[in-house]
Amino acid sequence: MQLHTDAGPTTSIRLRAVTAPRLTSERILLLALLGVIFLLRIIPLHYNTLFIDDAIYATLGHDILRHDFSQGASKWIFGSYAYPVLSALADSVGGEVGIRVLGALLGLLSSFFVYLSTQRLFGTAAGLWGLFFFGLSGCSVALGQQSVIDSLSVPFLALSLFCLVLAYQPGTRRKRLLFAAGLALSVSMLAKYISLLYLPALMGLFIAFNLREGRGLRAIVADMQWVYLAVPVIVLFGGYAAIYYSDLLEVLTGDYSRQIVSRGEVANTIIEELGVLFLMALLGLFFVIRTTQRTYELSIKKGFLLLGGVALLFASFLTLPAYHLASSNIRSISKHDVYVLVFLAPLAGYALAATAEWLTGEMHPITPMRQVVQVGGTVVTIVLALGFIGQSQQQIRTFHRSWPNAASTVDFLRTLDIGPRNTVLASASAIYEYYLDLGPASREVWSNMWYLEYQGLTGKDALTTAVGVCTFDVVITDDFYSPEVNWYLEPLLADTGYKLAYSTREDIGSSSSKVSIRVYVPSNSGECAVRFNASPGNS
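Not measured: the values here are computed from a predicted model. (Residues numbered from 1 in each chain as written. Predicted model: local features only at pLDDT ≥ 70, side-chain atom pairs only at ≥ 80, totals over all residues. Heavy atoms only, no water.)

### A short note on the overall build of the protein
Piece 1. Of regular secondary structure, the protein possesses 20 helices and nine strands.
Piece 2. Residues classed as buried in the protein amount to 50% of the 539 residues present.
Piece 3. When contacts within the protein are restricted to residue pairs at least 6 apart in sequence, long-range pairs at least 24 apart make up 73% of them. (Helix = DSSP H or I, 4+ residues; strand = E, 2+ residues; numbered from the N terminus. Buried < 20%, exposed > 50% of the residue type's maximum accessible area, 1.4 Å probe, protein only. Contact = heavy atoms within 4.5 Å.)

Here is the structure:
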């Protein structure tokens with residue numbers, strides 16, 4: 001192309017044709033699946049009031065942005081302040097909607113990284129099925145409808161896996177990608193410490209990828225590539241752990257995240273949420289072993305070594321379910337199951353893709369029997385996919401009703417005209433703090449039954465002493481968040497001079513199951529009346 005100008009001689013410019021990416025059927029399916037995954041997380045924005053964890057992180061984040069660290073949250077939350085700050089920023093932009101949109105976007109990001117990892121490992125068909133399994137699983141959708149520290153931890157774990165997979169693709173800059181994988185894992189661990197348990201899984205995959213390239217264990221250690229993966233973890237998370245050592249010790253040794261139930265109940269929850277994908281992943285693992293055996297023509301001895309290594313690697317994917325089973329701790333199990341899906345979904349996706357290829361690609365020539373198998377396989381796949389979606393949606397409906405709706409209680413509290421001069425005690429104080437939104441002064445208003453400290457006392461002694469001298473203008477008890485204190489706290493409230501001002505029964509789980517929320521204020525007579533009027537707003 002000749003360009004003539006008045007400024008000088010003729011200049012020759014070579015133009016490169018720029019074409020838009022071709023919209024193939026696979027890309028259309030990818031975009032459609034991502035759209036469905038996002039919509040499932042975003043459509044029911046107001047399915048319930050915020051869960052207490054969502055409210056805690058949003059209100060804590062606002063405190064941090066105001067440089068108010070009085071809650072000492074690093075001693076009881078299982079992560080850094082990164083996600084609370086992010087949640088507070090989302091709340092500043094869009095309120096409750098902003099918080100839940102943030103969770104949905106992070107869930108979508110996790111799903112996309114799982115697709116990319118699966119697609120690079122096993123091909124596009126497996127990638128789409130892996131995306132289907134991860135993005136539409138009940139526990140994954142539920143996490144995408146929340147706004148908790150796991151919401152940030154999971155996508156960075158998935159990103160770490162993708163960088164690790166990409167590092168062992170032809171023509172990539174391996175050392176940079178290994179460093180990026182370590183960096184992403186560090187961020188995941190800083191968001192929530194629990195992802196530290198997946199460092200062995202990622203290191204196991206690192207070893208497996210190197211073995212696939214023909215390196216022995218000694219060579220893997222000697223070439224020092226593992227340093228690029230380990231350095232970010234050592235520097236970032238190790239430095240953080242050194243700075244917050246005492247707080248981390250208190251978090252890990254405290255009872256903040258324990259809810260002990262029978263191992264049978266823990267196992268039932270794991271099976272309900274991961275059972276199908278666990279079986280699918282095992283089938284995918286079979287195809288991995290089968291392909292490896294055929295490709296490298298392994299001897300019997302090396303075949304057994306392969307089986308042992310694969311078994312250890314697969315066991316590392318199940319670290320969190322194993323922890324919950326061993327400890328009988330069911331707290332946060334549904335959120336932790338999503339971490340497992342990051343590793344199981346690619347194998348499950350490969351299982352379906354490889355099964356389809358085995359049924360159709362290896363049956364020659366085209367015969368009526370092959371056509372019957374193809375049609376039958378398609379029908380079975382559709383039925384299984386619909387069944388999977390139906391089960392997931394049932395889990396989501398159960399999740400939406402898994403805690404009491406606080407809307408009516410919040411409406412009543414607004415009639416009390418609670419202000420900065422008042423004090424409120426409640427186990428779910430963060431929920432009421434969030435919705436009443438008293439601004440910077442709210443830190444002095446709200447006290448929590450779990451962490452109350454009064455005159456050097458903690459636990460039951462702090463509660464009974466503080467209530468006994470009429471410390472609080474409003475006390476809120478419930479049968480969901482802290483039923484264990486009601487048996488001794490509510491009689492004390494009556495004896496001290498509080499009256500029941502409001503009570504509501506909210507559905508929880510099935511429609512036949514309800515829990516009560518009760519609001520107590522000082523009565524017109526009694527010991528507390530000496531200090532307070534009946535209306536807390538006038539105290």
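### Considering the packing of aromatic side chains
Piece 1. Inspection of the entire model under this criterion finds 34 aromatic pairs.
Piece 2. On the numbers, 5.7 Å between centres and 40° between planes, the contact of Phe132 with Phe388 is tilted. Remark: Phe388 occurs in helix H16 (residues 368–400) and Phe132 occurs in helix H4 (residues 124–136); sequence separation between them is 256 residues.
Piece 3. Given a relative accessible area of 8%, Phe388 falls into the buried group.
Piece 4. The cationic tip of Arg100 hangs over the ring face of Tyr47; the distance from NZ or CZ to the ring centre is 4.3 Å.
Piece 5. Its guanidinium or amino end placed over the ring of Tyr488, Lys460 lies 4.8 Å from that ring's centre, counting from NZ or CZ. (Phe/Tyr/Trp six-rings, centres within 6.5 Å; stacked < 30°, edge-to-face > 60°. Lys NZ or Arg CZ within 6 Å of the ring centre and 35° of its normal.)

### Considering the environment of Ala230
Piece 1. When you line up the elements, Ala230 lands in helix H10 (residues 226–243).
Piece 2. Between the alpha carbons of Ala230 and Leu199 there is a distance of 9.4 Å; along the sequence they are 31 residues apart.

### Considering the side chain of Ser482
Piece 1. Within the fold, Ser482 resides in the loop between strand S7 (474–478) and helix H20 (486–496).
Piece 2. For Ser482, a relative accessible area of 0% corresponds to the buried category.
Piece 3. Here Ser427 takes part through its side chain, which lies 2.9 Å from a polar atom of the side chain of Ser482.
Piece 4. Once residues within four sequence positions are removed from consideration, Ser482 is found in contact with Ser427, Met449 and Trp450. (Polar contact = N/O pair within 3.5 Å; in protein donor to acceptor, adjacent residues only side chain to side chain.)

### Things to note about the sheet that holds strand S4 (residues 446–447)
Piece 1. In space, the five strands of this open sheet follow the order S4-S3-S7-S9-S8, with mixed pairing throughout. Each edge of the open sheet carries a strand with a single partner, namely S4 and strand S8 (498–507).
Piece 2. In this sheet, strand S9 (residues 514–522) lies alongside S8 in antiparallel orientation, the contact comprising nine bridges. Counted as the bridge partner of Asp507 is Lys514 from S9. (Pairing = 2+ DSSP bridges.)

### Examining unusual backbone geometry
Leaving glycine out, the prevailing phi sign among residues is negative, and the prevailing peptide bond configuration is trans.
Piece 1. At His67, a position not held by glycine, the phi torsion is positive, near 60°.
Piece 2. Position of His67 relative to the elements: it lies in the loop between helix H2 (52–65) and helix H3 (82–122).
Piece 3. With phi around 55°, Asp417 is a residue other than glycine that occupies positive phi space.
Piece 4. On the secondary structure map, Asp417 appears in the loop between helix H17 (407–415) and strand S3 (424–426).
Piece 5. By relative accessible area, Asp417 is classed as exposed at 53%.

### What about the nonpolar core?
Piece 1. By size, the foremost hydrophobic cluster in this structure holds 132 residues, and its most contacted members are Phe133, Leu164, Phe343, Leu413, Tyr432, Val474 and Ile476.
Piece 2. In this view, Phe343 contacts Leu157, Leu161, Tyr198, Ala201, Leu202, Leu205 and Phe317; residues no more than four positions away in its chain are not counted.
Piece 3. In terms of nonpolar packing, the next biggest core, distinct from the first, is built from 18 residues, Leu425, Met449, Ala462 and Cys470 among them. (Core = buried A, V, L, I, M, F, W, Y, C linked by side-chain atoms within 4.5 Å.)

### Here we look at helix H7 (residues 174–191)
Piece 1. The end-to-end C-alpha distance of H7 is 26 Å, a good match for the 26 Å that 18 residues give at a rise of 1.5 Å each.
Piece 2. The complete set of buried residues in H7 reads Arg174, Leu177, Leu178, Ala181, Gly182, Ala184, Leu185, Ser186, Ser188, Met189, Leu190 and Ala191.
Piece 3. Among the structural elements, helix H6 (149–167), helix H8 (199–212) and H10 are those in contact with the buried residues of H7. (Expected span 1.5 Å × (residues − 1).)

### A few points about a nonpolar patch on the surface
Piece 1. Together, Phe179, Leu183, Tyr228, Val231, Ile234, Val235 and Leu236 line one region of the surface with nonpolar side chains, adding up to about 590 Å² of accessible area.
Piece 2. Of all the secondary-structure elements, those providing two or more residues to the nonpolar patch are H7 and H10.
Piece 3. Looking at where Val235 falls in the secondary structure, it is placed in helix H10. (Patch = residues over 30% accessible without salt bridge, like charges linked within 9 Å, V, L, I, M, F, W, Y side chains within 5 Å. Areas by Shrake-Rupley, 256 points an atom, 1.4 Å probe, with all protein chains shown as cover. Salt bridge = Lys/Arg side-chain N within 4 Å of Asp/Glu carboxyl O.)

### Things to note about H2
Piece 1. If you check H2, its first and last C-alpha atoms are 20 Å apart, about what 14 residues at 1.5 Å a residue would give, namely 20 Å.
Piece 2. H2 sits mainly inside the fold: 13 of its 14 residues count as buried.
Piece 3. Directly beyond the C-terminal end of H2, a positive phi value near 60° is found at His67.

### Re the packing of H7 against H10
Angle between the axes and distance between the axes are the two parameters that describe a pair of packed helices.
Piece 1. For the pair H7 and H10, interaxial distance at closest approach is 7 Å and the crossing angle is 25°. Comparing the axis directions of H7 and H10 gives the class roughly parallel. In this structure, H7 meets H10 at a crossing whose hand is right-handed. From H7, Lys175, Leu178, Phe179, Ala181, Gly182, Leu183, Leu185, Ser186, Met189 and Leu190 reach across to H10, where they touch Tyr228, Leu229, Pro232, Val233, Leu236, Phe237 and Tyr240. (Axes fitted to C-alpha atoms, helices over the stretch in contact; angles between N-to-C directions. Parallel < 35°, antiparallel > 145°, perpendicular 65-115°, else oblique. Left-handed = near helix turned anticlockwise from the far one by under 90°.)

### Focus on the pattern of salt bridges
Piece 1. All chains considered together, the criterion is met by 12 salt bridges.
Piece 2. By sharing partners, the salt bridges in this structure join Arg174, Glu213, Arg215 and Asp223 into a single network.

### A short note on the packing of H3 against H4
Piece 1. With their axes 7 Å apart at the nearest point, H3 and H4 run at an angle of 150° to one another. Compared by their axis directions, H3 and H4 come out roughly antiparallel. The interaxial crossing formed by H3 with H4 has right-handed handedness. Between H3 and H4, the residues in contact are Ser110, Ser111, Phe112, Val114, Tyr115, Thr118, Gln119 and Phe122 and Thr124, Ala126, Gly127, Leu128, Gly130, Leu131, Phe134 and Gly135, respectively.
Piece 2. The class makeup of the residues in the contact of H3 with H4 is eight nonpolar, eight polar and no charged. (Nonpolar A, V, L, I, M, F, W, Y, C, P; charged D, E, K, R; others polar.)

### Here we look at the pairing of S7
Piece 1. Counting buried residues in S7 gives five out of five residues, a clear majority hidden from the surface.
Piece 2. As paired elements, S3 and S7 share three bridges and run parallel to each other. Across the sheet, the residue bridging to Leu425 is Val475, located in S7.
Piece 3. Note: S7 against S9, four bridges, orientation antiparallel. Each residue of the ladder has a partner; that of Asp478, found in S9, is Ile517.

### Notes on the confidence of the model for the protein
Piece 1. Here the protein averages 87 in pLDDT, while 89% of its residues score no lower than 70.
Piece 2. At the level of individual helices and strands, the protein shows its lowest average pLDDT in strand S1 (residues 2–3), which scores 39, and its highest in H6, which scores 97.
Piece 3. Segment residues 1–18 is flagged for pLDDT under 50; beyond a separation of four residues in sequence, or across chains, it makes 11 contacts in the model.
Piece 4. For the stretch residues 534–539, pLDDT sits under 50, and the model shows 17 contacts to residues farther than four places along the chain or on other chains. (pLDDT = per-residue confidence, 0-100.)

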